[in-house]
Amino acid sequence: KALPTSDTFPRMRVRIQLGLAASILLASFLEAEASPIVARFSGLLLRTTITSLGEHQKVATQSLPLRLKGGADGGQVANFEEVGKAFVSHYYNIFDSNRANLQGLYQDVSMLTFEGEKIQGAAAIGQKLTSLPFQTVKHEVITVDSQPTGGNGVLVFVCGNLKVDGSENPMKFSQVFCLMPLQGGQGYFCYNDVFRLNYG
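Residues numbered from 1 in each chain as written. Predicted model: local features only at pLDDT ≥ 70, side-chain atom pairs only at ≥ 80, totals over all residues. Heavy atoms only, no water.

Q: Give me the lowdown on the overall build of the protein chain, citing residues and values where you can.
A: Within the protein chain one finds three helices and eight strands. The long-range share in the protein chain, meaning contacts at least 24 apart out of those at least 6 apart in sequence, stands at 52%. Accessible surface, the protein chain as shown: approximately 10900 Å² in total, 53% of it carbon and sulfur. (Helix = DSSP H or I, 4+ residues; strand = E, 2+ residues; numbered from the N terminus. Contact = heavy atoms within 4.5 Å. Areas by Shrake-Rupley, 256 points an atom, 1.4 Å probe, with all protein chains shown as cover.)

This is the structure:
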């Protein structure tokens, strides 16, 4: 069931199709993140998918890739810094709240290298991320560096700290994302993802 969009969130131009449960989750995210995102990324557009099951509709257990206006097809992304920062904010917000929804940011061609283990395909990546041996996690992003790539993509390098299961001892991590445009240039999905904990 489609909910009002531009009337409800006029500053962010958000189009949302979701059920009640997802509405609550998104409302919480928007309340926390609205000010910085509106200031920097006026083209932001978030969606979730609705899957029809018989006579009932349920919110799918994955979110669509981040939608953000980019450069022209076939060229380089002019606002690559904005794309990188918006993706990082979106990714870790989902990871820290309900990492099962991260699957929607990948596609079948995507590959994740997690501590040296290589996983390909959205379903397999989603399974890996949800099977990590902790219940809660909180990421603190320290730096985000982005570059445009060929094919209208964006390379994003993240350094930060993370805490799991309420630990007061943060672990340092590095993560690299290669974002590629969806068909039609209406957004991005994560094509490559490389994660490492930093020891020593």
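The rest of the description comes next.
Q: Can you explain the nonpolar core? Please cite residues and give values.
A: Y91, F95, Y106, L129, F177 and L179 are the most contacted members of the largest nonpolar core, which has 32 residues in total. Elements with a minimum of two residues in this core: helix 2 (80–98), strand 3 (106–114), helix 3 (122–130), strand 6 (153–164), strand 7 (171–181) and strand 8 (188–197). The dominant element in this core, judged by the number of residues it contributes, is helix 2, at seven residues. Apart from the residues lying within four places of it in its own chain, the contact partners of F95 are L102, L129, L132, F134, V137 and H139. (Core = buried A, V, L, I, M, F, W, Y, C linked by side-chain atoms within 4.5 Å. Buried < 20%, exposed > 50% of the residue type's maximum accessible area, 1.4 Å probe, protein only.)

Q: Now, about the packing of aromatic side chains: what can you tell me, with residues and values included?
A: For the structure shown, the criterion picks out 10 aromatic pairs. Centre to centre, the rings of F87 and F177 are 5.0 Å apart; their planes meet at 70°, and the pair counts as edge-to-face. One end of the pair, F87, is in helix 2; the other, F177, is in strand 7, with 90 residues separating them in the sequence. Classification of F87 by relative accessible area gives buried; the value is 1%. For F177, a relative accessible area of 0% puts it in the buried group. Ring geometry for Y91 and Y92: centres 5.0 Å apart, planes at 90°, overall edge-to-face. Per residue, the accessibility class of Y91 equals that of Y92, and both read buried. Among the aromatic residues, those joined into a ring-pair cluster are F87, Y91, Y92, F95, F114, F173, F177 and F195. (Phe/Tyr/Trp six-rings, centres within 6.5 Å; stacked < 30°, edge-to-face > 60°.)

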